[in-house]
Amino acid sequence: MIKSKLNVLTLRKEPLPAVIFHEPEAIELCTTTPLMKPRPQAGCKVTYLGKISATGVQFSSGCTEQLVIELWKKHSLARADVFPSNAILEIRPFQVRLHHQDLKGEATVRMDTFQVARIAYCTADHNVSPNIFAWVYREINDDLTFQMDCHAVECESKIEAKKLAHAMMVAFKKTFQSMKSDGRIHKESFSEETSQGFESDDG
């Protein structure tokens, strides 16, 4: 008798707490924190005016003035029919990057790179427009010959152009200081005359 009662007690199933049988609540799959915005492109927003041969130019104050005037005229004539190309100019030690963007200015469609060690001169002091920043670059051809080209960009303001000139000067000095410490160039190569080429009107 006692044994049968024990069996009944042992086999008897108590109802499980009703809470376990509740339907699970809806799970929030979307994050409650806002999505991080894309990191903005580092550099200065500019309009690339193009390039022109600078062969035979003596690097002194005002040496890019006539070259910039020609680039400015070509760009002004094209403005009526062609939407001005947007770009981001990024200046860093050893390398300058020009990110050409789409018409909406949202994505890079092409990028030009310039080695700082090959930049011979830069300036933001132009009579045709104070918003223009220009630099002369030593381009190496496939046959190992070289040519000097003047590149120019139009900034959103005179201050931005001066900032670019200052940034280029800083990048130039850092680049050659690093190259000197690595023994890739002799101390004499970093001449005062070359350094003056980057003493641009940066305010």
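What counts, and at which threshold
- Residues numbered from 1 in each chain as written.
- Predicted model: local features only at pLDDT ≥ 70, side-chain atom pairs only at ≥ 80, totals over all residues.
- Heavy atoms only, no water.
- Helix = DSSP H or I, 4+ residues; strand = E, 2+ residues; numbered from the N terminus.
- Buried < 20%, exposed > 50% of the residue type's maximum accessible area, 1.4 Å probe, protein only.
- Contact = heavy atoms within 4.5 Å.
- Core = buried A, V, L, I, M, F, W, Y, C linked by side-chain atoms within 4.5 Å.
- Pairing = 2+ DSSP bridges.
- Axes fitted to C-alpha atoms, helices over the stretch in contact; angles between N-to-C directions.

A. Just the environment of Trp135, in detail. The topology assignment puts Trp135 in strand β6 (residues 132–140). Look at Trp135 and you get buried, because its relative accessible area is 0%. Note: C-alpha distance between Trp135 and Cys150 (15 residues apart in sequence) is 5.7 Å. Excluding anything up to four places from it in sequence, Trp135 contacts Leu89, Phe114, Ile119, Tyr121, Cys122, Asp149, Cys150, His151, Val153 and Met168.

B. Representation of the nonpolar core. Val46, Leu89, Phe133, Trp135, Val153 and Leu164 are the most contacted members of the largest nonpolar core, which totals 25 residues. Counting residues per element, the ones that place at least two in this core are β1 (44–53), β2 (86–92), β3 (95–101), β5 (119–123), β6 and α3 (158–181). Among the elements that line this core, the one with the most residues is α3, at seven residues. Setting aside residues no more than four positions away along its own chain, Leu89 makes contact with Gly43, Cys44, Val46, Val96, Arg97, Leu98, Phe133, Trp135, Val153 and Leu164. Counting 15 residues, the second-largest nonpolar core is a separate cluster that includes Ala54, Leu67, Tyr121 and Val136.

C. Representation of the pairing of strand β7 (residues 146–154) within the structure. Of all nine residues making up β7, seven are buried, and the element is well covered by its neighbours. Where β1 and β7 come together, six bridges link them in antiparallel fashion. Looking at β7, one finds that Thr47 is bridged to Glu154. Relative to β7, β6 runs antiparallel, the two sharing nine bridges. Within the sheet, the bridge partner assigned to Trp135 lies in β7 and is His151. Joining the antiparallel neighbours β6 and β7 is a turn of five residues, in which Leu144 adopts a positive phi near 70°.

D. Examining the sheet that holds β7 more closely. Pairing in this open sheet of seven strands is antiparallel, and the strands run β4-β3-β2-β1-β7-β6-β5 from one edge to the other. Since the sheet does not close on itself, it has two edges, and those belong to β4 (108–115) and β5, each with one partner. Neighbouring strand axes in the sheet, compared pairwise and without regard to direction, differ in orientation by 30° on average.

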